[in-house]
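Residues per chain are reported as follows:
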Amino acid sequence: MAVRIIIDRKVKKGKESDFAKILRELRSKAIPSKGYISGETLRAQDDPHNYIVITTWQSVEDWKVWEKNPERKKIQAKIEKLMARPTKTKIYLYA
């Protein structure tokens, strides 16, 4: 069963363009991964430094494999350096 992963990030002021570039790199690596279905990035209207990534995977297992992928971890480490707070990730199942 497909799952949605919600990733909540708050970018440091002035780091938005760096973040956008690295996020595109991350997505380009995720797209060919087993189980990847789709992804989108949204920015909060009332807080332009808060971003939500919604990504859909075939299964929790597929997401977990991607989450542990060494390439993803390397890119995620770059992203974390640009964050005002740690990234929050939650897995949602269809109800």
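As the structure is a prediction and not an experimental result, all values here were calculated from the model.

J.: So what's going on with the nonpolar core? Which residues, and what values?
T.: Nonpolar side chains in soluble globular proteins tend to end up buried together. Ranked by internal contacts, the top residues of the largest apolar core, which has 19 residues, are Phe19, Trp57 and Ile79. For this core, the secondary structure elements donating two or more residues are strand S1 (3–10), helix H1 (16–30), strand S3 (50–57), helix H2 (60–68) and helix H3 (70–80). Looking at this core, the element that brings in the most residues is H1, giving 5 residues. Ignoring any residue separated from it by four or fewer positions in sequence, one finds Trp57 in contact with Ala2, Val3, Ile5, Ala30, Ser33, Lys34, Gly35, Tyr36, Ile37, Asp62, Trp63 and Trp66.

J.: Summarise the packing of H1 against H3; cite the residues concerned and give the values.
T.: Put simply, H1 and H3 touch, their axes get as near as 10 Å, and they point 170 degrees apart. As the angle between them shows, H1 and H3 are arranged roughly antiparallel. When you trace H1 past H3, the crossing you get is left-handed. Across the interface between the two elements, Phe19, Ile22, Leu23, Glu25, Leu26 and Lys29 of H1 pack against Glu71, Arg72, Ile75, Gln76, Lys78 and Ile79 of H3.

J.: How would you explain the side chain of Thr56 if you had to name every residue and give the values?
T.: Its location among the elements puts Thr56 in strand S3. There is a polar contact of 2.8 Å between the side chain of Thr56 and the side chain of Arg4.

About the cut-offs
Residues numbered from 1 in each chain as written. Predicted model: local features only at pLDDT ≥ 70, side-chain atom pairs only at ≥ 80, totals over all residues. Heavy atoms only, no water. Core = buried A, V, L, I, M, F, W, Y, C linked by side-chain atoms within 4.5 Å. Buried < 20%, exposed > 50% of the residue type's maximum accessible area, 1.4 Å probe, protein only. Helix = DSSP H or I, 4+ residues; strand = E, 2+ residues; numbered from the N terminus. Contact = heavy atoms within 4.5 Å. Axes fitted to C-alpha atoms, helices over the stretch in contact; angles between N-to-C directions. Parallel < 35°, antiparallel > 145°, perpendicular 65-115°, else oblique. Left-handed = near helix turned anticlockwise from the far one by under 90°. Polar contact = N/O pair within 3.5 Å; in protein donor to acceptor, adjacent residues only side chain to side chain.

Honestly, it's all geometry; don't read function into it.
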